[in-house]
Amino acid sequence: MSVGAPLPQDAAELHVRGSARYVDDIPVPPDCLHLAFGLAPVAAGRITGLDLAAARALPGVRAIWTAEDFPEMPDCSSSNADEPLLATGDIHYLGQPVFLVVADSHLTARRAARLGKVHVEERKPILTIEEALAADSRFEDGPRIWEFNDTAAALAAAPHRLSGRIEIGGQEHFYLEGQAALALPQEDGQMLVHSSTQHPTEIQHKVAHALHVPMSAVRVETRRMGGGFGGKESQGNPLAIACALTASRLGRPAKMRYDRDDDMQITGKRHDFRIAYEVGHDAEGRVLAVDFTQWTRCGWSMDLSLPVADRAMLHADNAYAIPAMRIESHRLRTNTQSATAFRGFGGPQGLLGIERVMDHVAAELGLDPLEVRQRNFYAEAPGEAVGLPRTPSEDISEVKRGAGTEVQVTPYHQPVTDFILHGLVGQLVETSDYHARRRAVAEWNAANPVLKKGLALTPVKFGISFTLTHLNQAGALVHVYQDGSILMNHGGTEMGQGLFQKVAQVAAARFGVSIDRVRITATDTGKVPNTSATAASSGSDLNGMAVQAACDQIRDRIAVLLAERHQARPEDVVFADDRVRVGGDEMSFEDAVALAYENRVSLSASGFYKTPEIEWDRIAGRGRPFYYFAYGAAVTEVVLDTLTGENRILRADILHDCGASLNPALDIGQIEGGYVQGAGWLTTEELVWDGSGRLRTHAPSTYKIPACSDRPPVFNVALWKCANRAATVYRSKAVGEPPLMLGVSAFLALSDAVASVRGDYPSLDAPATAERLLMAINR
Amino acid sequence: MSKMHLKLTVNGQAEELRVEPRELLIHVLREKLNITGPHIGCETSHCGACTVEMNGKSVKSCTVFAAQADGAEVTTIEGLSPLGEMNVLQNAFREHHGLQCGFCTPGMITRAHRLLQENPTPTAEEVRFGMAGNLCRCTGYQNIVKAILAAASEMNAAKEAAE
Ligand code: FES
Ligand code: FES
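Residues numbered from 1 in each chain as written. Chains lettered and ligands numbered in written order. Predicted model: local features only at pLDDT ≥ 70, side-chain atom pairs only at ≥ 80, totals over all residues. Heavy atoms only, no water.

Student: Help me out: how do you make sense of the interface of chain A and chain B in this one?
Tutor: Think of interface size as the accessible area that goes away when the parts come together; that is how it is often given. Contacts between the two partners involve 53 residues from chain A, matched on the other side by 48 residues from chain B. For the pair chain A and chain B, the two sides together bury roughly 4100 Å², of which 56% comes from carbon and sulfur. In this structure, the connection of chain A to chain B is made through five salt bridges. A salt bridge links E43(B) to R110(A), with the shortest nitrogen-to-oxygen separation between them at 3.4 Å. Put simply, chain A and chain B have 20 residue pairs in polar contact (both at pLDDT 80 or more) between them. Mapped by element, the contributors of at least two residues to the side of chain A that touches chain B are α1 (12–17), α3 (106–115) and α17 (664–682) of chain A. Element by element, the count of residues in the side of chain A that touches chain B is highest for α17(A), at eight residues. Here the side of chain A that touches chain B is built from residues that sort into 25 nonpolar, 14 polar and 14 charged. (Contact = heavy atoms within 4.5 Å. Buried area = accessible area lost by both parts, 1.4 Å probe. Salt bridge = Lys/Arg side-chain N within 4 Å of Asp/Glu carboxyl O. Polar contact = N/O pair within 3.5 Å; in protein donor to acceptor, adjacent residues only side chain to side chain. Helix = DSSP H or I, 4+ residues; strand = E, 2+ residues; numbered from the N terminus. Nonpolar A, V, L, I, M, F, W, Y, C, P; charged D, E, K, R; others polar.)

Student: Help me out: how do you make sense of the domain arrangement of chain B in this one?
Tutor: All names here are of chain B. Annotation of chain B at the domain level lists domain 1 (4–80) and domain 2 (88–162). Of the roughly 1300 Å² buried between domain 1 and domain 2 on both sides combined, carbon and sulfur atoms contribute 56%. Inspection of the region where domain 1 meets domain 2 yields one salt bridge. In this structure, R114 engages E53 in a salt bridge whose closest nitrogen and oxygen atoms are separated by 2.9 Å. On inspection of domain 1 and its partner domain 2, the count reaches eight residue pairs in polar contact (both at pLDDT 80 or more). Sorting the residues of the side of domain 1 that touches domain 2 by element identifies β3 (51–54) and β4 (57–60) as the ones contributing at least two each. Grouping the constituent residues of the side of domain 1 that touches domain 2 by class yields six nonpolar, nine polar and three charged. (Domains from an automatic or database assignment.)

Student: What is the right way to look at the side chain of S538(A) in this model?
Tutor: Residue and element names in this part refer to chain A. Within the secondary structure, S538 is located in the loop between β20 (523–524) and α15 (539–565). S538 sits in the buried class, given a relative accessible area of 5%. A polar side-chain atom of S538 sits 2.8 Å from the main-chain carbonyl oxygen of A535. For S538, the residues in contact, after removing those within four places along its chain, are F466 and N543. (Buried < 20%, exposed > 50% of the residue type's maximum accessible area, 1.4 Å probe, protein only.)

Written out as structure tokens, the structure is:
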């Protein structure tokens, strides 16, 4: 069966030949126009004038538009109508688009954009957390606060107390393909847009709004992205809108791609956080209460900051049953790029908060941090986990516990009924030889004065579903042609995660045919409408189910026909091995399809899926926001040069839960990539804004993502072989985001190495750059 | 700026065109010759997405001016399998899942191709450092290194069999 096979990504052959097309590779008509934004030179102020004469005079410039050219400024926001396409008087951040250049070539547009001068009456920008708090510059009326049991009382009653704080830096997505869009005007005011986006429906919606046409007049197509990671959930809107407006005004195709430099200056990044904690615990390391305060800089507009900050709160418990918890979350408005979705969506920051607490408690008590973690784990779900069948129809997540055991709930009151980290971590401790290596690290550190080693194990529990409940829906369109070939379309987008192939494997399995029969087509708002962003790791969960529903309708129609002709029951018709068997007779899949066609059976169907059982009140912080949890754990060993702060990862061992994987090869790829990206976030990737609000690290020369030479020399990745207890597609689990948090173990291993040269807990901030490590060693 | 007459061979095909001398090779390839395998990731020589071979060396085509490419012999990803069959490296990247979004892939393979010409039996360490100029944001490099090592041993086995 195609499901569960380690097949290569569907377009792998096109990629290795260099013939896979991205937006910028699509051949354009010779009259295509090229666009570039002129950017604000300061972080805050009022525009007093624009000097665009030199830019306009450049040969090849066709038009330059400013706020004055739009009686009604199109909005680019995905949430709050607070992102004008071009600045309308006020400047909100350094890098904000102020004018739009239309030219005959990309280079001319870019040159003209640099020639334009923006005169501004500067204001003092709000850049830091302190400045934002002092000015009460925030989204929502005040902090969001959720409380689980009486935290103040539990803290007061706890035998031990400690407190601390961690700064957590943001992260640039650095998708290798920058933002890009292409708009092609069609007849009768219609518009076709190619966009490198995770959210074609949003692009369609925003473009229609800007053009004052119904959504039905706009078609958005996305074949693939050269990486997304959340950075193409909302950040592609301005480019698509600018292209569509130009195409509509001038009647010519228009294309825009950001240069890397512009991309880094204009677009939002992962939210940086400061998390403070007050902890009550006992002498064995059991955490009895935590009071967290989370502050995050959201940047100039709301974008997705509210659900991101919510998800940070939702992961403040990670894997631990903590009897009392209070979380206060401040979403601050600052004059910086609008922080946005990034793989994990706030979850990683929330998780790092509690992982820091566990480490701190262990250090305080002189216990192994792993032991402290294990003592605080949620209770293991009962039942034989390994080898659960792939397709029981009922949800088995609510398996009743034995008498007397109470189901534990998260601080937001969701029962944790599928916890597997006792078993999973236990296995990883063995395969990674954790305890022996812990001793070896201690011995090494005792013997070596300069090079110090560190070791850390980080468990991950990550909630799967969009927390905005209505987003948990998906559609699909499947056609079977009379020659037996199958065309599949769904609302999910491909950004390298392998979604298309995984879903095609589902389709092939439903028809019992080989995967080559299934043609995968670009995501297209004209085929499947009203889709959600491919985000929240939900791609294969949602779209896999929608495709399954569509395939089953067609298959069942064929089965009914064949059953009638053979006096059999439809459920006895078997589709397998590219054949169809019924009542002792057997035919090829093609023949069955041809027969259905001749008998006027519809061979096309749309499928729909909505995630069951979820409901959520984000103001109260109560409900079941997640259909299930995905789990994993990583052990990282590092070596640190205590004289320079230079360091490297020596070995990483990962055991990760993808349920019954739809495609283990692609899932392992997600895990490896996620871990490295997570480790990069917390070690080398540092975003630096100067006092004027200028992002100083706006190019790969100054912003360092992991390179091939940083890859851990020993890197063992395995899948936890256990089906999802929730009734997902073939009992698989989402895999996009959870592995990113495995990278936290690299950060905590560095902290462990630093601790070996200090008497006290190092309280390291992230990212742990060489400079910061050196400071922590010498402090 | 006055235009120059540029003559070069790309993937075995002689090309003649008029360009500005300071135009970058990556733009000549992509915009003038419609060769879109090499990608633009940064245009500042940091990411390697634009890697091609020029006169037997790996170059980042975003740092090569058209004038410097005059008379050169250039091979892009499209030139690695001129007869249609994928070459060993291309196959290995596919089989060993050495790609996700694929945007870095043409540059990666072109670079790896040169690396294996220069060092047909590299260690994992040599591959890691030999590929350090090509960034990938998706894979974490594990499968890229695996693919290159697998291609090297396959090429060497084929060579031995032929001897
Ligand atoms: S585009 Fe040439 S190195 Fe990045
Ligand atoms: S596969 Fe996406 S950048 Fe390498």
